[in-house]
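Per-entry structural report
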Amino acid sequence: MSNDLNPFANENPFTDPDIQRVTQTTQVNQQSLDDYNPFSQPNVQSKPAAIIPTSTISSSPAENYQINDQKPPAYAETSAQKLNLTDIEKQQQELNQRAAELDRREQLINNPTIGVKNFPPFPSWCPGPIKPCFYQDINLEIPIEFQRWVRLLFYLWIFHVFTLGFNIIAALVVFIATGMGATFGYSILYFVLFTPCSYACWFRPAYKGFRTDSSMNFMIFFFIFFCQVIVNFIEAVGFVDSGFCGILLLIKVLGTTGVGNVVAGIFVLLATICFVSIAAIDILMLIKIHRLYRNTGASFQKAQAEFATNVMSNKNVQNAAASVVTEGARSAMQSNSRGRF
């Protein structure tokens, strides 16, 4: 009876093939987990990071930054990084010249004495006719880049005056030693004549040419100064009784023996040296000023155009031309009226 009530009395449930299969699989998996050792496998995909003791780290920063003994590339200085001191000094000089030019123009505007005649510098107690005739201030009126040459030209004019004055002294000594008075008389005439004419005829045109960049004034200077060079050679030759103590007069004075002739010969020799020096310096100055003139872009055509403009804008010329035209028209009308009657 008991066997009928137990459903598993006649049949063992674990004998079922399916159950036995599952049981065997579970046992195999359990056995595999029990025998699994993760540290016994040779091929490990990920390894823990190695811990480096602090005692092995180098204390030098340079050694820590060197990787695989590779050194940084050498520093090569490029051409753009090189400082050219010459260019810097040139730029500084240009800036200084510009600043000086601005100061000059500011003084030219703010100076109340500009235009007041101050040359020749006669004292105030001189009588009425003897007064300064020109206004001259190289530092204010001449641009910075040309002040040096205008000043040298003015010093050259002073050397001309000094030589003519010394020529009078040498001619006086010759007159005392030899009795030739013509040279002494002409030397005084040349000093009185050439001193103001040289200043007004070639120094002032050059001064105004540099001041206003006037091609017409430069042309006047070149023509008259070239004539001055020719006169200087004549002075250096020194024809007898010409008024110049030059080479020929020196030969004649030394041709006669005597203490007075020797003294006179020394003075004539010094005057000759001065005349020869002036001739050489004048040639060099003429060449230099001509180069400066060409560098400014001036030309003979520009001088002609400037001359025509100045002539036509001159009121005296305009009045003279108007009077000529008026007289011509009046004479033509009178002749026509007479022909009719």
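Above: the structure in question.
The rules behind the values
- Residues numbered from 1 in each chain as written.
- Predicted model: local features only at pLDDT ≥ 70, side-chain atom pairs only at ≥ 80, totals over all residues.
- Heavy atoms only, no water.
- Helix = DSSP H or I, 4+ residues; strand = E, 2+ residues; numbered from the N terminus.
- Buried < 20%, exposed > 50% of the residue type's maximum accessible area, 1.4 Å probe, protein only.
- Contact = heavy atoms within 4.5 Å.
- Areas by Shrake-Rupley, 256 points an atom, 1.4 Å probe, with all protein chains shown as cover.
- Salt bridge = Lys/Arg side-chain N within 4 Å of Asp/Glu carboxyl O.
- Phe/Tyr/Trp six-rings, centres within 6.5 Å; stacked < 30°, edge-to-face > 60°.
- Axes fitted to C-alpha atoms, helices over the stretch in contact; angles between N-to-C directions.
- Parallel < 35°, antiparallel > 145°, perpendicular 65-115°, else oblique.
- Nonpolar A, V, L, I, M, F, W, Y, C, P; charged D, E, K, R; others polar.
- Patch = residues over 30% accessible without salt bridge, like charges linked within 9 Å, V, L, I, M, F, W, Y side chains within 5 Å.
- 1 Å grid on protein atoms, 1.4 Å probe; cavity = no way out; pocket = protein on both sides within 12 Å on 5 of 7 lines; lining within 4 Å.
- Points joined across faces, edges and corners; volume = space filled by probe spheres on them.
- Core = buried A, V, L, I, M, F, W, Y, C linked by side-chain atoms within 4.5 Å.
- Left-handed = near helix turned anticlockwise from the far one by under 90°.

Points about the overall build of the protein
Scanning the protein for helices and strands turns up 12 helices and zero strands. Taken from N to C terminus, the helices and strands of the protein fall in the order α-α-α-α-α-α-α-α-α-α-α-α. Looking at the protein residue by residue over its 341 residues, the buried ones come to 25%. For the protein, contacts bridging at least 24 residues in sequence account for 65% of all contacts bridging at least 6. As presented, the protein carries roughly 24400 Å² of accessible surface, and 62% of it is formed by carbon and sulfur atoms.

With respect to the pattern of salt bridges
Note on pairing: side chains with opposite charge can pair once their charged atoms come close. Counted according to the given criterion, the structure contains one salt bridge. Its salt-bridge partner being glutamate 141, residue arginine 211 comes within 3.5 Å of it at the nearest N-O pair. Taken as a pair, arginine 211 in helix α7 (residues 182-212) and glutamate 141 in helix α5 (residues 138-141) lie far apart in primary sequence, 70 residues in all. The partly exposed category is assigned to arginine 211, whose relative accessible area is 30%. We classify glutamate 141 as buried; its relative accessible area is 11%.

Focus on the packing of aromatic side chains
Counted according to the given criterion, the structure contains 26 aromatic pairs. Judged by centre distance (5.1 Å) and plane angle (50°), the rings of phenylalanine 218 and tyrosine 293 are tilted. With a gap of 75 residues between them, phenylalanine 218 in helix α8 (residues 215-237) and tyrosine 293 in helix α10 (residues 259-295) connect regions that are remote in the sequence. For the residue pair phenylalanine 218 and tyrosine 293, the accessibility class agrees, reading buried in each case. Among the aromatic residues, ring-to-ring pairing joins Phe119, Phe134, Phe154, Tyr155, Trp157, Tyr199, Phe203 and Tyr207 into one connected group.

Things to note about the packing of helix α6 (residues 144-178) against α7
Contact geometry for α6 and α7: axes closest at 9 Å, N-to-C directions at 175°. Relative to α7, the element α6 is oriented roughly antiparallel. The residue makeup of the contact of α6 with α7, split by class, is 22 nonpolar, seven polar and no charged.

Details of a nonpolar patch on the surface
A cluster of nonpolar side chains, namely Phe226, Ile230, Ile234, Val237, Phe239, Val240, Ile247, Leu248 and Ile251, defines an oily patch on the protein surface of about 760 Å² accessible area. Within the fold, isoleucine 251 resides in helix α9 (residues 247-254).

Some details on the layout of surface pockets
A water-sized probe, rolled over the atoms, reveals where empty space remains. Each pocket or cavity is described by its volume, and for the largest pocket that value is around 190 Å³. Along the walls of the largest pocket sit Phe119, Pro120, Phe122, Cys133, Phe134, Trp157, Thr195, Pro196, Tyr199 and Ala200, which together make up its complete lining. The dominant element in the lining of the largest pocket, judged by the number of residues it contributes, is α7, at four residues. Considered class by class, the residues forming the lining of the largest pocket number nine nonpolar, one polar and no charged. Reported here for the second largest pocket is a volume of approximately 160 Å³.

Things to note about empty space enclosed by the protein
A complete count under the given rule lists one cavity of 30 Å³ or more for this structure. Volume-wise, the largest cavity comes out at about 60 Å³. Contributing elements (two or more residues each) for the lining of the largest cavity: α6, α7, α8 and α10. Of the residues contributing to the lining of the largest cavity, the split by class is four nonpolar, three polar and one charged.

What about the nonpolar core?
In a soluble, globular protein the nonpolar side chains are often hidden away together inside. Of all hydrophobic cores here, the largest spans 27 residues; its most connected members are Leu153, Phe210, Phe221 and Ile289. Taken together, the elements giving at least two residues each to this core come down to α6, α7, α8 and α10. Sorting elements by how many residues they give to this core places α6 first, with eight residues. Core analysis: the second largest hydrophobic core is formed by 13 residues, Phe166, Val174, Ala264 and Ala271 among them.

Concerning the packing of α8 against α10
Here α8 crosses α10 at 160°, and the two axes come no closer than 9 Å. In this view, α8 runs roughly antiparallel relative to α10, as classed from their interaxial angle. The interaxial crossing formed by α8 with α10 has left-handed handedness. Tallied by class, residues from the contact of α8 with α10 come to 17 nonpolar, five polar and two charged.

This is a description of form; function is not addressed.
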